[in-house]
4 protein chains.
Amino acid sequence: MKNKMWGGRFTKKTNPLVEEFTKSIQFDKKLAEHDCIGSILHINVLKKAGLLRASEYKKLESGLKGILSSIKKGSFKVDLRFEDIHSYIQDLLEKKVGKVALKLHTCRSRNDQVVFDSKMYCLKNLSLTLDIFSDIAKKLSKLAKENARIVIPGYTHLQHAMPVSLYYYFDAYIEMFRRDTRRLSNIFDNIKLTMGSGAISGTCIDSSKYNVTSLHSCVVCGPTNPIDTVSDRDFVIEIISALSIIGMHLSRLAEDMILWSTKEFDFIDIDEAFCTGSSLMPQKKNPDVLELVRGNAGKLYGNLVNVLVMMKGLPLSYNRDMQLDKEPLFDSFEIIQKELKILRELLPKIKFKKENIARQLKDECLYATDIADYLVQKGVAFKDAHTIVGKLIAYKLKSGKEIKKMDNAILKKFHPALTNREMKRIIDPKVSIASKKSIRRKRK
Amino acid sequence: MKNKMWGGRFTKKTNPLVEEFTKSIQFDKKLAEHDCIGSILHINVLKKAGLLRASEYKKLESGLKGILSSIKKGSFKVDLRFEDIHSYIQDLLEKKVGKVALKLHTCRSRNDQVVFDSKMYCLKNLSLTLDIFSDIAKKLSKLAKENARIVIPGYTHLQHAMPVSLYYYFDAYIEMFRRDTRRLSNIFDNIKLTMGSGAISGTCIDSSKYNVTSLHSCVVCGPTNPIDTVSDRDFVIEIISALSIIGMHLSRLAEDMILWSTKEFDFIDIDEAFCTGSSLMPQKKNPDVLELVRGNAGKLYGNLVNVLVMMKGLPLSYNRDMQLDKEPLFDSFEIIQKELKILRELLPKIKFKKENIARQLKDECLYATDIADYLVQKGVAFKDAHTIVGKLIAYKLKSGKEIKKMDNAILKKFHPALTNREMKRIIDPKVSIASKKSIRRKRK
Amino acid sequence: MKNKMWGGRFTKKTNPLVEEFTKSIQFDKKLAEHDCIGSILHINVLKKAGLLRASEYKKLESGLKGILSSIKKGSFKVDLRFEDIHSYIQDLLEKKVGKVALKLHTCRSRNDQVVFDSKMYCLKNLSLTLDIFSDIAKKLSKLAKENARIVIPGYTHLQHAMPVSLYYYFDAYIEMFRRDTRRLSNIFDNIKLTMGSGAISGTCIDSSKYNVTSLHSCVVCGPTNPIDTVSDRDFVIEIISALSIIGMHLSRLAEDMILWSTKEFDFIDIDEAFCTGSSLMPQKKNPDVLELVRGNAGKLYGNLVNVLVMMKGLPLSYNRDMQLDKEPLFDSFEIIQKELKILRELLPKIKFKKENIARQLKDECLYATDIADYLVQKGVAFKDAHTIVGKLIAYKLKSGKEIKKMDNAILKKFHPALTNREMKRIIDPKVSIASKKSIRRKRK
Amino acid sequence: MKNKMWGGRFTKKTNPLVEEFTKSIQFDKKLAEHDCIGSILHINVLKKAGLLRASEYKKLESGLKGILSSIKKGSFKVDLRFEDIHSYIQDLLEKKVGKVALKLHTCRSRNDQVVFDSKMYCLKNLSLTLDIFSDIAKKLSKLAKENARIVIPGYTHLQHAMPVSLYYYFDAYIEMFRRDTRRLSNIFDNIKLTMGSGAISGTCIDSSKYNVTSLHSCVVCGPTNPIDTVSDRDFVIEIISALSIIGMHLSRLAEDMILWSTKEFDFIDIDEAFCTGSSLMPQKKNPDVLELVRGNAGKLYGNLVNVLVMMKGLPLSYNRDMQLDKEPLFDSFEIIQKELKILRELLPKIKFKKENIARQLKDECLYATDIADYLVQKGVAFKDAHTIVGKLIAYKLKSGKEIKKMDNAILKKFHPALTNREMKRIIDPKVSIASKKSIRRKRK
């Protein structure tokens, strides 16, 4: 490893296998931007605390801003021979501004620094994810409204239950997204950026000096408990857990769309641009995107298990195991952002095959509950009504007859209130839907 | 199964293996209380909707209140031959009030009912858990304050890092509990009790009728999306996830206390009443409670995985798989409540072995950072100071000499500012702790 | 707790919360039979080692056999106030045979005893599971053979791929069961019953004395490493992992059968005796059993995570955490045994709706690969053939024409070898299936 | 994506987000070598089946061998714009040998190809892992033997239990490795390489033609069930599960070594070359390698959960979700190989601090069981002996006296057979260890 941030007490060289095994730069390079911002804030603190002279501060600030701007421009290259992004940036700075860089790490520990960087990363990515969510929710809402007049069979146990409008079907996912959004926002609100925990016990700089706000408008202050600050990965687990729930929601949406695009359901057509083919079977147009969305639930859950297991039974405070929180965190954010971005394009392009859907609505079983409800209005106790209609359905299935075509003589054997006229009125998707009045308007 | 709530269309008897395999009464019996309260609210709705006459309502209400009071008195017995708690209570009611009970399930589906019951169960148990948390936090805070003057070695990587006070050590757990409390409170606030989703598409009762408040002061209203309401188990996952994080925190506390009570650390004595022995080894006094607290992390994580997996890729809306959410939910609540209750007794009785702790504070390595800080104050750049002190430590370890006993001639070889007098001043736990000023006061 | 097996050095009473929290009798009562068998073997060892007189041995043996026979007869009742099944049986024995029972636990530790009991439990239940597997495989094989002539659309990505026979469809599950069987058998073969580990370091009895075989024909010997023996739970994890894979296989079978019994696929009819209904919707006949089989994958995976997490990072040797291995082990065995037993009844009763299946086979896309194969035989390079047929399919879909009805003029635009006559020959499920020759006969 | 292996039926371009989201070349490039070997075998089959002329075969073979040798030489570069490694190699081949390359994919599907490649990858890496295991077991065995004379306190519940020799301590891990080795070998033996499954239903080439053995001596034959072959990922799960158990074992070893290298235990010294330092605290020498080994259990478990979840409830046969098996498989292999390689260097360099260890052996509690055993030999029933010694220990702890220094008058109050002379004899680590005779010799 190049230019480590430690070594004075060591008389032997680190074994190369150890360098390879313990380094984190291959993944924590994603924190480069946040590391620079953190260091700029830190030198502000050092200056206020009298540990940097104005001229020293200037040099360091200009060096750090230079690195930051190279990151933003995309010209920043990472040298993977370093142990981590912190030592690499420290080294870069030294090359740019000379000896004064040796003062950068005054009153600071990587234990504290990495928590700061990770929290900034989380804030940024939570915000990004919320933006995409707001966008996809709008698109889904548009889709729901545009197709509100399409009635589909509602399913429980994947069996025909009762007719529902496509509006409420898609709105169910919008409700899930609303909960997801609220969860992410709560996490965002509860992440506090602190500096000054040192390795574990704080630093010699007064807590008041840590109240800084950077050009990037993040507010920082001293820790309320430095032991906890360096030992805590709750924010990582909370996020990965919330992202797992999102992934679960998307896996359900994917499953439904995969089913609906089978030859047997044939309710929808997924745009060709969002499908792929087979190397052997020339006819294939597969819903691969949706399958991968479904399959990624495994990765998201695995990431959650990973961090929970890693933290289990760790003595206070920081242990090196905790370095392993970053890959699953980054991965889960990236999966969900990619999935949302691709579904945001795919969903609005879905075409509904109205005739095929309508054909399924002819299944009279979908209206059994409506017939029972009708009997209740006629004074039959619900449980009796349930049994009566159950028998009617059994008869229908055995005889192969349509209820709408049964004459009164047959119907009245089940109950006197059952007439052909009423059956014709009731067995109708629009009538079924119109009869449902319990749904509350959402507050805007 | 006795007196099922369905069957009209079935011509064959259910296979006994199926009855055994699908029934849920062996665990959903825990919902009995909430089921009765829900049914009382439901008949209020039916009455308002004109689907029950006043006299019918009265009979049903008195029947349900009778069952409820037997539950509260502890005289309620469950007949496990029923399919679930809902059909059992329906049957009990019929025995108590006769035919009118057949009207109870009007405009209601078990899909909706079970969500209502589960949410009431969660509200109750969230509240209970929050109470225990508030209690244990107080006890821990007392413990922290009473022992605030004890200084211990702070650990990172389980190696001596820097001295910290026991106050901040225990306060770190109080911080974790504070976050846990906030998480549970957020979940509590976001659970909304609704009725009127029916199986999937709502009911024929107007949503305004669903605005009811029971004697138990829970506020209920109609659903904004019935498909979502019966398909949603987010609240279960959120809770099990939050309980898993709590379990992780407790596993860390347990690990530390287990380590501290080893013969080798010997920092604490756990009260005999909280330990158990060995059937073979007469001397044994084992910290079993703490080991089980640590081990239960496995169960909690397993429960989380269970529900996440169960929900993965399920098509909308309700599927029978979702019945499997209850055992892990109940189990996770019970584990955490038991753990908190037992730790609330165990922790305040811990005795600190001050002499043994003090002995470890003599390790001069604990003060290496303080020496480096001193050099920084003398104008040495931090990275240079780090290297200088690293070499001093290496020398100390190799020579076996104490730094406090090194004379100036030796010390000054490392750096002119290092004097015996300063070393004696700096190498002192109280001085070390007093020098840390970055810790911010908590807002009350 | 009643009559604990330890306590001499304790001067305080165990806190009742601790008794409740640490006891295991509520689940380890399932080990009662194995505990008695183990104890009978143990007293054999003690007798051989001269630590029991013949008369003492006789008393103990008759007492233990009495308990064993009460277990087998079903008259054995467990008193849940004891700590665990071991102390309960020890106490029972003392009541039956008096003071000599105090010698039972000579040279024995519960650490060792519980491993022995658990391994016997596993051997028994592995064997039981293998029996059910062999049975269900036979039933599935019969089902496959009886319906071998039915051709179904084969799916990849849940899209029509190529025709396959029902035989090979069900045979795929038989192959999975074959692997499952092999895995369980391997585990069975590798479980060795040992005695004599003591708490951790062995006992004072010579290893040769531990070579015993009981009336139950289990062969026992001394441990090769007592530290490992009491610390090892690999066999538990191996089993739960193998059971998780079985559960995964069954979840896939369940998913397919759920899909096939939807109104939209409508390929099969599941016997009414294996379905359940809805409390609200009278028409419902739901595949609940299959849904629960699918959902139980969550429980099985959760159990696996549970034990893996519990064992993570435990120092040698035995720690109390390890007591938590039993509930997930028992639960996973019970789930799989129940699932196999119920599927063994359900599967043979499935009715195939041949006409509905045949209708799907008319989808000409299923034969696209066969057309490409035909072109390859005519000398076209495969990748070119793939493209040609892809274009033919695109034309078919756009024009809405059947390939079989296209005249030569149209077909030959795609490739000269494509003729109406050949298309009619190729587009046929039987021809397609007959053309596949790569499948190897299984070794019996 | 460049030069896809499909597309004829598509009229639109694939959306770039889809290309990015679905591609696998960034990870399946690790299969390049196996893909070439598989293709060489495949063209052998095509030649035997008369689907390739001798001259075509020659061209293709020389092209594929060229690519293979570039892989082995390390000069192979992957173009990440391709969809997967299969299409990239197909394209490379076309560039090298021209049009004949279009025949390569005759009678082959990527579904089948990827299974073949993955199984070859697994065979290679199982074999590699077994080699490292055999090596580390030898080193551990040497360590155990060299330090066999060192006696340490054996722990249960992390409390002093009984003395054990370092030999048996390390041998416990050797036993675990032996089980791990057996598990990996079993998996190796059960992986069968097949070709000829096509997409799902086999190919038109006779199964006899698939019996090929390559220059690389892997034996291949036709599938017994092509639906199963392309749907099966059991081998992946089995491997990741076995690697998780290995990771669990290593996490325990790591935990013990971390504990033993604390200042409080101070039993061992880990070589500096295998430790790292702190950026803030100059004295630090942290056991980072061991902490990461412990923490990686999380990653390994997460990978297992990932694949299990991904496979849950997937309908037959291949679904795109299954592409997600490779990253966790590769990752788990790499983690375990790295861990074993680094521990193989680290463990032999551990230095034992004999004096510190010996100091702990003075804890007389370690010999309590030996005293009880002595009483049993004197005819006391074990349970009585346990109580007597328990009281002796309680007295010792309360009085602060050493048992060895108690005079007969005191000792005999507990039991007449307890004499100072016997106590002095018994309380001795060597005597304790010598008295244990139940340990069986291992079969070589």
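Keep in mind that what you see is a predicted model, and the values were worked out from it rather than measured. (Residues numbered from 1 in each chain as written. Chains lettered and ligands numbered in written order. Predicted model: local features only at pLDDT ≥ 70, side-chain atom pairs only at ≥ 80, totals over all residues. Heavy atoms only, no water.)

Caption draft 1: Spotlight on the overall build of chain A. Broken down by element type, chain A carries 17 helices and 7 strands. Viewed in the frame of its principal axes, chain A has a C-alpha envelope of about 100 × 55 × 40 Å. The contacts of chain A with a sequence gap of at least 6 include a subset with a gap of at least 24, amounting to 76%. Across chain A, the centroid of the 77 positively charged side chains sits 3 Å from that of the 52 negatively charged ones. (Helix = DSSP H or I, 4+ residues; strand = E, 2+ residues; numbered from the N terminus. Contact = heavy atoms within 4.5 Å. Lys, Arg positive; Asp, Glu negative; His and termini not counted. Charge placed at Lys NZ, Arg CZ, Asp CG, Glu CD.)

Caption draft 2: Just the relation of the copies chain D and chain C, in detail. Rotating chain D by 180 degrees and translating it 0.0 Å along the rotation axis places it on chain C, where the RMSD comes to 0.0 Å. Such a combination of rotation and displacement between the chain copies is what one expects of a two-fold axis. Closest approach to the rotation axis among the C-alpha atoms of chain D is made by Ser-241 of chain D, whose C-alpha sits 3.5 Å away. Looking at chain D, 100% of its interface residues are interface residues in chain C too, so the copies touch through the same face. (Least-squares fit on C-alpha atoms with pLDDT ≥ 70 in both.)

Caption draft 3: Summary view of the interface of chain A and chain B. With 110 residues of chain A at the contact, the number on the chain B side is 110 residues. Where chain A abuts chain B, roughly 9200 Å² becomes buried across the two surfaces, and 59% of that area is made up of carbon and sulfur atoms. Across the chain A-chain B interface, the total number found is 12 salt bridges. Here Arg-179 of chain B makes a salt bridge to Asp-234 of chain A, at a shortest N to O gap of 2.9 Å. Counting across the interface, chain A meets chain B through 55 residue pairs in polar contact (both at pLDDT 80 or more). (Buried area = accessible area lost by both parts, 1.4 Å probe. Salt bridge = Lys/Arg side-chain N within 4 Å of Asp/Glu carboxyl O. Polar contact = N/O pair within 3.5 Å; in protein donor to acceptor, adjacent residues only side chain to side chain.)

Caption draft 4: The relation of the copies chain A and chain B, seen in detail. Least-squares fitting of chain A to chain B yields an RMSD of 0.0 Å, with the transformation described by 0.0 Å of translation along the axis and a rotation of 180 degrees. Most of the interface of chain A is mirrored in chain B: 100% of its interface residues are interface residues there too.

Caption draft 5: Region of the structure containing the environment of Ser-69 of chain D. Residue and element names in this part refer to chain D. The residue Ser-69 is located in helix 4 (residues 54–73) in this model. According to the relative accessible area criterion, Ser-69 is partly exposed, its value standing at 33%. Taking the C-alpha atoms as reference, Ser-69 lies 48 Å from Leu-259; in sequence the two are 190 residues apart. (Buried < 20%, exposed > 50% of the residue type's maximum accessible area, 1.4 Å probe, protein only.)

Caption draft 6: Structural view of the interface of chain D and chain C. Facing the 109 residues of chain D at the interface are 109 residues of chain C. Where chain D abuts chain C, roughly 9200 Å² becomes buried across the two surfaces, and 59% of that area is made up of carbon and sulfur atoms. Of all residues in chain D, Arg-252, Leu-316 and Arg-440 of chain D bury the most surface against chain C, accounting for 8% of the area lost on that side. Its salt-bridge partner being Glu-238 of chain C, residue Arg-182 of chain D comes within 3.8 Å of it at the nearest N-O pair. Here chain D is connected to chain C by 55 residue pairs in polar contact (both at pLDDT 80 or more). Broken down by secondary-structure element, the contributors of at least two residues to the side of chain D that touches chain C are strand 1 (151–156), strand 2 (159–165), helix 7 (166–190), helix 8 (226–231), helix 9 (234–260), helix 10 (288–311), helix 13 (368–377) and helix 14 (382–399) of chain D. Broken down by element, the side of chain D that touches chain C gets its largest block of residues, 13 residues, from helix 9 of chain D. When grouped by side-chain class, the residues that make up the side of chain D that touches chain C number 46 nonpolar, 35 polar and 28 charged. (Nonpolar A, V, L, I, M, F, W, Y, C, P; charged D, E, K, R; others polar.)

Caption draft 7: The arrangement of helix 12 (residues 354–361) of chain D in detail. Residue and element names in this part refer to chain D. Turning to helix 12, its buried residues number three or more, namely Asn-356, Ile-357, Gln-360 and Leu-361. Looking straight down helix 12, one finds its buried side chains confined to an arc of 150 degrees; they lie on one side. Facing away from the buried side of helix 12 by over 90 degrees, the exposed positions are Lys-354 and Glu-355. Tucked into the core, helix 12 has its buried residues touching strand 1, strand 2, strand 7 (351–352) and helix 17 (429–434). (Arc of directions from axis to C-beta.)

Caption draft 8: A look at the sheet that holds strand 5 (residues 219–221) of chain C. Residues and elements named next belong to chain C. Spatially, 3-5-4 is the arrangement adopted by the 3 strands of the open sheet, whose pairing is mixed. With partners counted over all chains shown, the strands left at the sheet margins are strand 3 (193–194) and strand 4 (212–213), one partner each. Sheet analysis places strand 3 next to strand 5, joined by 2 bridges and oriented parallel. Bridge pairing in strand 5 places Leu-193 opposite Val-220. (Pairing = 2+ DSSP bridges.)

Caption draft 9: Here's a closer look at the packing of helix 7 (residues 166–190) of chain A against helix 7 (residues 166–190) of chain B. Between helix 7 of chain A and helix 7 of chain B, the least distance of the axes is 12 Å, while the angle of their chain directions is 145 degrees. Of the two elements, helix 7 of chain A crosses helix 7 of chain B, and the hand of that crossing is right-handed. On helix 7 of chain B, the residues that touch Arg-182, Asn-186 and Asn-190 of chain A of helix 7 of chain A are Arg-182, Asn-186 and Asn-190 of chain B. Classifying every residue of the contact of helix 7 of chain A with helix 7 of chain B gives no nonpolar, 4 polar and 2 charged. (Axes fitted to C-alpha atoms, helices over the stretch in contact; angles between N-to-C directions. Left-handed = near helix turned anticlockwise from the far one by under 90°.)

Caption draft 10: Looking closely at helix 3 (residues 32–48) of chain A. All names here are of chain A. Under the 1.5 Å per step criterion, the end-to-end length of helix 3 is 25 Å for 17 residues, consistent within 8% with the ideal 24 Å. Within helix 3, 14 of the 17 residues are buried, which leaves the element mostly enclosed by the surrounding structure. Looking one or two residues beyond helix 3, the residue adopting positive phi is Gly-50, at roughly 75 degrees. (Expected span 1.5 Å × (residues − 1).)

Caption draft 11: Summary view of the pairing of strand 2 (residues 159–165) of chain A. All names here are of chain A. Of all 7 residues in strand 2, 7 are buried, a share of seventy percent or more. Pairing of strand 1 (residues 151–156) with strand 2 involves 5 bridges; the strand directions are antiparallel. Note that in strand 2 the partner of Pro-153 across the bridge is Pro-163. Count of turn residues in the strand 1/strand 2 antiparallel hairpin: 2 residues, of which His-157 carries a positive phi of about 55 degrees.

Caption draft 12: Structural context of the pattern of salt bridges. Evaluated as defined, the whole model comprises 149 salt bridges over all chains. For the salt bridge of Asp-84 of chain C with Arg-110 of chain C, the shortest nitrogen-to-oxygen distance reads 2.9 Å. Of this pair, Asp-84 of chain C sits in the loop between helix 4 (54–73) and helix 5 (85–97) while Arg-110 of chain C sits in helix 6 (residues 110–146), and the two are 26 residues apart along the sequence. When its relative accessible area of 5% is taken as the criterion, Asp-84 of chain C is described as buried. Between Arg-183 of chain D and Asp-180 of chain D there is a salt bridge, with the nearest N and O atoms lying 2.8 Å from each other. Taken together, the residues Arg-183 of chain D and Asp-180 of chain D, both in helix 7 and 3 residues apart, mark about one turn of the helix.

Caption draft 13: Geometry of the state of the cysteines. The tally for this structure, following the rule as stated, stands at 0 disulfides over all chains. Cysteine Cys-275 of chain A is unpaired, with the sulfur of Cys-365 of chain C as its nearest cysteine sulfur at 13 Å. Summary of cysteine pairing: Cys-204 of chain C is not part of a disulfide, and the nearest cysteine sulfur, belonging to Cys-107 of chain C, is at 3.6 Å. On the accessibility criterion, Cys-204 of chain C (19% relative accessible area) is buried. (Disulfide = S-S within 2.5 Å.)

Caption draft 14: Region of interest: the environment of Leu-392 of chain C. Residue and element names in this part refer to chain C. Here Leu-392 lies in helix 14 (residues 382–399). By relative accessible area, which is 0% here, Leu-392 ends up buried. With 265 residues separating them along the chain, Leu-392 and Ser-127 place their C-alpha atoms 55 Å apart.

Caption draft 15: The sheet that holds strand 4 (residues 212–213) of chain B, seen in detail. Judged by pairing direction, the sheet is mixed, and its 3 strands sit side by side in the order 3-5-4 (chain B) without closing on themselves. Each edge of the open sheet carries a strand with a single partner, namely strand 3 (193–194) and strand 4 of chain B.

Caption draft 16: Just the packing of aromatic side chains, in detail. In total, this model carries 62 aromatic pairs over all chains according to the counting rule given. A cation over an aromatic ring shows up here: Lys-119 of chain C above the ring of Phe-235 of chain C, its NZ or CZ 5.2 Å from the ring centre. (Phe/Tyr/Trp six-rings, centres within 6.5 Å; stacked < 30°, edge-to-face > 60°. Lys NZ or Arg CZ within 6 Å of the ring centre and 35° of its normal.)

Caption draft 17: Main features of the confidence of the model for chain A. This prediction gives chain A a mean pLDDT of 95; 99% of its residues lie at or above 70. Interface scoring of the predicted complex returns ipTM 0.96; its pTM is 0.97. (pLDDT = per-residue confidence, 0-100.)

Caption draft 18: Looking closely at the packing of helix 3 (residues 32–48) of chain D against helix 5 (residues 85–97) of chain D. Residue and element names in this part refer to chain D. Two elements in contact, helix 3 and helix 5, have axes separated by 10 Å at closest approach and are oriented at 60 degrees. Comparing their axes, helix 5 and helix 3 come out oblique. Here helix 3 and helix 5 pass one another in a crossing that is right-handed. Contact residues: helix 3 offers Ala-32, Asp-35 and Cys-36, while helix 5 offers Ile-85, His-86 and Ile-89. (Parallel < 35°, antiparallel > 145°, perpendicular 65-115°, else oblique.)

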